[in-house]
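The primary structure of each chain is shown beneath.
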Amino acid sequence: MSIFAKIIAREIPADIVFEDDVCLAFRDIAPKAPVHILVIPKKPIVSLADLTEEDQAAMGRCVVVASIVAKQEGLDNGYRLVVNSGADGGQEVPHLHFHLLGGRKMSWPPG
Ligand code: 5GP
């Protein structure tokens, strides 16, 4: 069971900012920006590489939830939504997650 599955199950605490049947959003424990929130599907999908057609609605919902949370957080000047996938993508936690980053100007390209 991944650390995020334990957060969904309330086995470990997290600062949850949004929840519905499909998604959970909570603050990153080691924030890389003034606002750093993780939006995850409740279904235990490991990474983008593991998505199937049946995940389309859940992925769409996660993106909509990120937009809702960004508004909630007052990120009116913009923000970034990032998914790291696999070893080369820099993914550490094996449960698909969207990083919502905001509150500062982002640089490009990412490292
Ligand atoms: P990744 O590198 O897999 O794309 O991102 C994993 C993210 O999860 C990191 O930004 C890391 O700080 C965050 N993280 C890891 N463990 C925990 C945890 O137990 N609680 C919370 N809230 N965030 C975590």
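Before any of the text, the structure's been laid out above.
Keep in mind that this is a model prediction, so the values were computed, not measured.

Colleague: For this particular structure, what's the right way to read the overall build of the protein?
Modeller: A count of helices and strands for the protein gives three helices and five strands. Its helices and strands taken in sequence order, the protein reads α-β-β-β-α-β-α-β from the N to the C terminus. By the compact-globule yardstick of 13 Å for 111 residues, the protein fits well, its C-alpha radius of gyration being 13 Å. For the protein, the C-alpha atoms occupy an extent of roughly 35 × 30 × 25 Å along the three principal directions.

Colleague: Help me out: how do you make sense of the environment of K43 in this one?
Modeller: Relative to the assigned elements, K43 resides in the loop between β3 (35–41) and α2 (56–72). Distance in space between the C-alpha atoms of K43 and K6 is 12 Å, their sequence separation being 37 residues. If we ignore the near neighbours within four places in the chain, the residues touching K43 are E54, D55 and H95.

Colleague: What should I look at first to understand the pairing of strand β1 (residues 16–19) in this one?
Modeller: When a strand is regular, its side chains alternate between the sheet's two faces. Summarising the sheet, β1 and strand β2 (residues 23–27) pair through three bridges and their orientation is antiparallel. When the bridges of β2 are listed, I16 appears paired with F26. Here β1 hands over to β2 after three residues, the two strands then running antiparallel side by side.

Colleague: Before we go on, may I ask you to explain the site of the ligand in this structure?
Modeller: What surrounds the ligand is a group of 18 residues, the closest being D28, N84, E92, H97 and H99. Contact distances for the ligand include 3.3 Å between a nitrogen atom and a backbone N or O atom of I29. Between the ligand and the protein, one listed contact pairs an oxygen atom with a side-chain N or O atom of K32 at 3.2 Å. When the ligand sits alone it has 520 Å² of accessible area, and the protein chains cover 87% of it. Where the shell around the ligand is concerned, the elements lending two or more residues are α1 (3–8), β2 and β3. Tallying contributions element by element places α1 first for the shell around the ligand, with three residues. In terms of residue class, the shell around the ligand is made up of eight nonpolar, six polar and four charged.

Colleague: Explanation requested: the sheet that holds strand β4 (residues 79–82) in the structure shown.
Modeller: The strands making up a sheet are joined through hydrogen bonds of the backbone, oriented either antiparallel or parallel. Spatial ordering of the open sheet is given by β1-β2-β3-β5-β4, a layout of five strands whose pairing is antiparallel. Whereas interior strands pair on both sides, the edge strands pair on one side only; in this sheet they are β1 and β4. Across the sheet, the axes of successive neighbouring strands diverge by a mean angle of 20°, strand direction being ignored. In this structure, β2 lies alongside β3, joined through five bridges in antiparallel fashion. Counterpart to R27 in the pairing with β3 is I37.

Procedures and definitions
Numbering of residues starts from 1 in each chain and follows the order in which that chain's sequence is written. Given that the model is predicted, a residue must reach a pLDDT of at least 70 before its local features are reported, and side-chain atom pairs must reach 80 or more before they are shown or counted; all residues, however, enter totals for whole chains, interfaces and linings. Each side-chain value is worked out from all heavy atoms of the structure, with water and hydrogens disregarded. Helical segments are the DSSP runs of H or I of at least four residues, strand segments are the runs of E of at least two, and each set is numbered from the N terminus. Atoms considered for the radius of gyration are the C-alpha atoms alone. The globule rule reads 2.2 Å times the number of residues to the power 0.38. Whether two residues are in contact is decided by their heavy atoms: any pair within 4.5 Å suffices. A strand pair is defined by DSSP finding two or more bridges across the two strands. One heavy atom within 4 Å of a molecule or strand makes the whole residue count as near it. Polar contact is the term for a pair of N or O atoms within 3.5 Å; when the atoms are in protein, one must be able to donate a hydrogen and the other to accept it, and sequence-neighboring residues count only if both atoms are side-chain atoms. Surface exposure here means Shrake-Rupley accessible area, sampled with a 1.4 Å probe, where a residue is shielded only by the protein chains that are shown. Only Asp, Glu, Lys and Arg are considered charged, only Ala, Val, Leu, Ile, Met, Phe, Trp, Tyr, Cys and Pro nonpolar, and every remaining residue, Gly among them, polar. Working convention: axes come from line fits to C-alpha atoms, limited for helices to the stretch in contact. Angles between N-to-C directions cover 0 to 180 degrees.

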